[in-house]
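# Notes for the structure review
Here is what each chain is made of, one letter per residue.
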Protein chains: 2
Amino acid sequence: MSFTEFPSRLLENAVNEFASLPGIGRKTAFRLVMNLLRRNSSDVRKFGESIIKLREEILFCKICNNISDTEICNICNDERRDRNVVCVVESIQDVMAIENTRQFKGLYHVLGGIISPIDGIGPSDLKIDSLEEKVKGGSVKEVILALSTTMEGDTTNFYLYRRLGKYDVSITTLARGLAIGDELEYTDEITLGRAINNRNPYQQ
Amino acid sequence: MSFTEFPSRLLENAVNEFASLPGIGRKTAFRLVMNLLRRNSSDVRKFGESIIKLREEILFCKICNNISDTEICNICNDERRDRNVVCVVESIQDVMAIENTRQFKGLYHVLGGIISPIDGIGPSDLKIDSLEEKVKGGSVKEVILALSTTMEGDTTNFYLYRRLGKYDVSITTLARGLAIGDELEYTDEITLGRAINNRNPYQQ
């Protein structure tokens, strides 16, 4: 079934909007719209309004750039968190991923991207100035660079190290090594090589 | 990444709404919502409104039950179409699929489903009474049963035949046989058996 002609402009508009989302083709979009059509009107209104409200009312935390319903996010507002440690991440998703580990009790700083010359993203497109201001202030004792282990991540790490290294702050990165459940045989040689070089005392 | 805690209720609401769509999991929903967040506000408002308007303003054609922006759909309104032939289909998608072939010049009748005891759908849940009224009126010369070749389709065909057979109307079904591109070797035996029994004179 292709879509040369729609029986309704309203239908066509809705299908086009859904099809503009990443990974949603026109057939899937049509299926989603037909599903909405079968729901009652107030549910569909709630759906539509949740999208509009999200975009128009969402805020980004003034301290860490994390997504938030308030000017300062819940994490930055939480008195129990360690203000001496700042974990630098690429995106909001990364904040959520680290939060879900329940292992980190410091604050975050969301860069809003990663240095990627191919995509035309340079340091000035990211929230690096405000990070430097924080570090310059002197209250931060440790900056954890928690970026992806890709070329872009490494480039950004290197750039951040150069910008922040001159201040009195310790700069760390996430441990690299074998993931839980990895089989040696199928581990790439760079990861395996680092895992051997950075070996740890055995702990029972 | 699981989603135990969202940094924002607005974000959580929007993700929940998308995740309520068929085939959209929570990770995909999150990705779609993050995509919307990167767009400008007026585009997102258009997206949301297209959904709300669709549900609140859409009409179903009073004659054929096809989706429509007007009380009578474009097909039923089209003077050039043959009012003597009515093609009975399960859904709006089927109307669009047949329209795309550009082979059919009659009218449609959308049942809005198919008889399926397992799903609790009986004849009274479908637009069968209005179909019978049309046929009873006497202007319809042919009813084409264009339902899926499934057990539910066959059941519905049988039921419709019993309801409509008593009127002066010819009742036909779509031709069954090999699909274009089918290889004999991989064709199921029922299809192949029917294709042999319903063989046609060879046309050059």
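Notes on the structure in this doc start here.

## What about the interface of chain B and chain A?
Contacts between the two partners involve 56 residues from chain B, matched on the other side by 56 residues from chain A. Of the roughly 5,400 Å² buried at the junction of chain B and chain A (both faces included), carbon and sulfur atoms supply 67%. Broken down residue by residue, the surface that chain B buries against chain A is led by Leu10(B), Arg55(B) and Met96(B), which jointly contribute 13%. Along the contact surface separating chain B from chain A lie three salt bridges. The closest approach of N and O atoms between Lys46(B) and Glu17(A), which form a salt bridge, is 4.0 Å. Counting the contacts that link chain B with chain A gives ten residue pairs in polar contact (both at pLDDT 80 or more). Of all the elements in the fold, those that place two or more residues in the side of chain B that touches chain A are α1 (9-19), α2 (26-37), α3 (41-57), β2 (67-68) and α5 (92-101) of chain B.

## Description of the packing of aromatic side chains
Residue and element names in this part refer to chain B. Going through the model one piece at a time under the given rule, you end up with nine aromatic pairs over all chains. Between Phe-104 and Tyr-108 the ring centres are 5.2 Å apart and the planes differ by 65°, which places this aromatic pair in the edge-to-face class. Residue Phe-104 is classed as buried on the basis of its relative accessible area of 13%.

## Digging into a negative patch on the surface
Taken together, the side chains of Asp182(A), Glu183(A), Glu185(A), Asp188(A) and Glu189(A) make up a negatively charged region of the molecular surface. Inspection of the secondary structure puts Glu183(A) in the loop between β6 (170-173) and α8 (189-197).

## Notes on the sheet that holds strand β5 (residues 142-145) of chain A
All names here are of chain A. Pairing is parallel in the open sheet, where four strands are placed in the order β4-β3-β5-β6. The strands lining the two open edges of the sheet, one partner per strand, are β4 (106-110) and β6. Across this sheet, the average inter-strand angle for adjacent strands is 25°, counted without regard to direction. Across the sheet, helix α7 (residues 151-164) lies against β3 (82-89), β5 and β6, angled at about 165° from β5, the strand it touches most.

Rules of the game
- Residues numbered from 1 in each chain as written.
- Chains lettered and ligands numbered in written order.
- Predicted model: local features only at pLDDT ≥ 70, side-chain atom pairs only at ≥ 80, totals over all residues.
- Heavy atoms only, no water.
- Contact = heavy atoms within 4.5 Å.
- Buried area = accessible area lost by both parts, 1.4 Å probe.
- Salt bridge = Lys/Arg side-chain N within 4 Å of Asp/Glu carboxyl O.
- Polar contact = N/O pair within 3.5 Å; in protein donor to acceptor, adjacent residues only side chain to side chain.
- Helix = DSSP H or I, 4+ residues; strand = E, 2+ residues; numbered from the N terminus.
- Phe/Tyr/Trp six-rings, centres within 6.5 Å; stacked < 30°, edge-to-face > 60°.
- Buried < 20%, exposed > 50% of the residue type's maximum accessible area, 1.4 Å probe, protein only.
- Patch = residues over 30% accessible without salt bridge, like charges linked within 9 Å, V, L, I, M, F, W, Y side chains within 5 Å.
- Areas by Shrake-Rupley, 256 points an atom, 1.4 Å probe, with all protein chains shown as cover.
- Lys, Arg positive; Asp, Glu negative; His and termini not counted.
- Charge placed at Lys NZ, Arg CZ, Asp CG, Glu CD.
- Pairing = 2+ DSSP bridges.
- Axes fitted to C-alpha atoms, helices over the stretch in contact; angles between N-to-C directions.

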